[in-house]
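# Tertiary structure, described
Here is what each chain is made of, one letter per residue.
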Amino acid sequence: SAPVTMTAEDVQRDKAPLLSVNDDNGGSNVDDATGYTRYFSSHTLKILTFGQAISLMLCGTGVTSQGLEYYYGVSLPTTQSFLNYIFLSVVFLPWMYRQDQLWSTLQTKWKRYLLLSLIDVEGNFLTVKAYQKTTLTSVQVLDCFTIVTVLVLSYAVLKHHYTRAQYAFVGLCAIGMATVIVADSQHDSSSASNRLLGDFLAIGGSILYGLSNVAEEHVVKSGSIVEFLGMLGLGGAIISGIQMAIVERDALRSVHWSGGVVGLMLGYNVFLFLLYAMIPVLVRRSSATLVNLSFLTSDVYSVLFGIFLFHAQMSWLYILGFIIILVGLFGYTRAESQAETGTLFNVTATTAERQRLTSTSSDNGGSQA
């Protein structure tokens, strides 16, 4: 029988690049060692940059949330997140409707998305409440349990297999985070009202975050990002709306809705909306593990903003920890790319696919001869 011909366009049909990369020879030099190394370095930097952009969005939510409590004494974790879920619904549900996905998804998948929304809402709620009960340092230490949860669930559920290099660079990121935590502990003057309860809340939030991240990776890699964000927004709005009416009803009545409060509340939700919209893109092109490792630098960014906004103190340990984390992220990104059959951003065909193309081309050439 005649050999099956596979073109590069067929390979890339469902793998549109997040960031376009053009080589000087129109992609013909993908097997050239120098060109591949140059592309690989560029590709790694793009992943790191995108991950740090997400980390800055997370920092923005922390700074605006802290501003609400620091300047106005407002702490409404469910109410703050409720507006973000409304934004997600308003933006992505009409998009689903235009793609004829809305009604079929509501009929067949509403239970799983409602469960995922519940996990997401309560993960946010438990973590914010943990900050009120225990110290900042304790929450940061216990939040790292999210990475452990993601690693275990990714291995058990998503069947990811990590290399020794990936484990080593995760450990390096953990060392960097430990350095940041030591720096925080030197300046952490917060009074813990119930440290034990706060620690359990932080652990619970970390586990829920891990569950949410792994479920998100499974959904967006096998389905639609628009569907995921639209249904998460709908379910999150329903659950957080009910919880807000029950838990934060009295607190809402006592808030003086000044321009500053409204501005910070809107700022918080803009950052949170961008965070939610960007995470699935990186998860699809890499993994939930890389996303959570990228989050580790957000504490350093928060300190930098806190110096000017909340009179926080800066230690050289923050800079050291930041550098260690970035080195770990860079190494993990390269190790993850090398462990896979193709690149994370899928700009060119994978090595195996290029070999198949070469073999097919040779067969065709031989038969024509």
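Here we summarise the structure given alongside this text. Since the structure is predicted, the reported quantities are computational estimates derived from the model, not experimental observations.

Counting 59 residues, the largest nonpolar core has Ile54, Phe228 and Leu293 as the members making the most contacts within it. Counting residues per element, this core draws most heavily on helix α11 (residues 259-285), at 10 residues. Setting aside residues no more than four positions away along its own chain, Phe228 makes contact with Tyr113, Leu116, Glu216, Val219, Val220 and Pro280. Formed by 6 residues, the second largest nonpolar core is a distinct cluster that contains Leu68, Val74, Leu76 and Val261.

Here helix α3 (residues 77-98) spans 33 Å end to end across 22 residues, near enough to the 32 Å set by a 1.5 Å rise per residue. Of all the bends in α3, the greatest measures close to 25° and is centred on Ser89. For α3, the complete set of buried residues consists of Pro77, Thr78, Thr79, Gln80, Ser81, Asn84, Tyr85, Leu88, Ser89, Phe92, Leu93 and Met96. Phi turns positive one or two residues past the end of α3, at Asp100, with a value near 60°.

Turning to unusual backbone geometry, a few remarks are in order. The phi angle at Asp100 is positive, at roughly 60°, despite the residue not being glycine. With respect to the helices and strands, the residue Asp100 is situated in the loop between α3 and α4 (102-133). A positive phi angle, near 60°, is found at Lys159, a position not held by glycine. Relative to the assigned elements, Lys159 resides in the loop between α6 (145-156) and α7 (164-187).

Within helix α12 (residues 288-295), 8 of the 8 residues are buried, which leaves it mostly tucked inside the rest of the structure. Regarding α12, the residues found buried are Ala288, Thr289, Leu290, Val291, Asn292, Leu293, Ser294 and Phe295.

Time to look at the pattern of salt bridges. Throughout the structure, instances matching the rule amount to 3 salt bridges. Lys221 serves as the salt-bridge partner of Glu217, at 3.1 Å between the closest nitrogen and oxygen. Placement of both Glu217 and Lys221 in helix α8 (residues 195-222) is noted, with a separation of 4 residues, approximately one turn of the helix. Assessed through its relative accessible area of 1%, Glu217 is described here as buried. Between Asp250 and Arg253 there is a salt bridge whose closest N-O contact spans 3.8 Å. Of this pair, Asp250 and Arg253 both sit in helix α10 (residues 249-254), 3 residues apart, which is roughly one turn of the helix. By relative accessible area, Arg253 is classed as exposed at 64%.

Below, the discussion takes up the environment of Phe169. Residue position: Phe169 is located in helix α7. You can call Phe169 partly exposed: its relative accessible area is 26%. C-alpha separation for the pair Phe169 and Gly328, spaced 159 residues apart in sequence, amounts to 4.8 Å. Setting aside residues no more than four positions away along its own chain, Phe169 makes contact with Val327, Gly328, Gly331, Tyr332 and Ala335.

On to the packing of aromatic side chains, then. Enumeration over the complete set of coordinates arrives at 5 aromatic pairs. An angle of 85° between the planes, with centres 6.1 Å apart, marks the rings of Tyr85 and Tyr276 as edge-to-face. Separated by 191 residues along the polypeptide, Tyr85 in helix α3 and Tyr276 in helix α11 bring together distant segments of the chain. With respect to class, Tyr85 is no different from Tyr276; both count as buried. Among the aromatic residues, ring-to-ring pairing joins Phe87, Phe92, Trp95 and Phe273 into one connected group.

When two helices pack together, their arrangement is given by the angle between their axes and by how far apart the axes lie. Helix α14 (residues 316-339) packs onto α12 with a crossing angle of 170° between their chain directions and a minimal axis gap of 10 Å. The orientation of α12 relative to α14 falls into the category roughly antiparallel. By crossing handedness, the relation of α12 to α14 is classed as left-handed. Taken together, the residues of α14 that come into contact with α12 (itself represented by Thr289, Leu290, Leu293 and Ser294) are Ile325, Leu329, Tyr332, Thr333 and Glu336. When grouped by side-chain class, the residues that make up the contact of α12 with α14 number 5 nonpolar, 3 polar and 1 charged.

Conventions we followed
Numbering of residues starts from 1 in every chain and runs along the sequence as written. Restriction of local features to residues with pLDDT of at least 70 applies here, the model being predicted, together with a cutoff of 80 or more for giving and counting side-chain atom pairs; totals for whole chains, interfaces and linings are based on all residues. Only heavy atoms go into the side-chain values, all of them from the structure, while hydrogens and water stay out. Residues grouped as a nonpolar core are buried Ala, Val, Leu, Ile, Met, Phe, Trp, Tyr and Cys residues, joined through side-chain atoms within 4.5 Å. Under the scheme applied here, a residue whose accessible area is under 20% of the maximum for its type counts as buried, over 50% as exposed, and between as partly exposed, the area being computed with a 1.4 Å probe on protein chains only. Runs of E in the DSSP output that reach at least two residues are strands. Runs of H or I that reach at least four are helices, and both are numbered from the N terminus. Any pair of residues with heavy atoms lying within 4.5 Å of one another is described as a contacting pair. One less than the number of residues in a helix, times 1.5 Å, gives the span that helix is expected to have. Bending is quantified residue by residue as the angle between axes fitted to the seven-residue window ending at that residue and the seven-residue window starting at it. Salt bridges are defined as contacts in which a side-chain nitrogen from Lys or Arg sits within 4 Å of a carboxyl oxygen from Asp or Glu. Any Phe, Tyr or Trp ring, taking Trp's six-membered ring, that has another such ring centre within 6.5 Å forms a pair; planes under 30 degrees apart are called stacked, those over 60 apart edge-to-face, and the others tilted. The angle between two axes is taken between their N-to-C directions and runs from 0 to 180 degrees, where each axis is a line fitted to C-alpha atoms and a helix contributes only its stretch in contact. By the definition adopted for this analysis, an angle is roughly parallel if under 35 degrees, roughly antiparallel if over 145, roughly perpendicular if from 65 to 115, and oblique otherwise. Handedness of a helix crossing follows the sense of rotation of the near helix relative to the far helix, less than a right angle counterclockwise being left-handed and clockwise being right-handed. Classification convention: Asp, Glu, Lys, Arg as charged; Ala, Val, Leu, Ile, Met, Phe, Trp, Tyr, Cys, Pro as nonpolar; all other residues, Gly among them, as polar.

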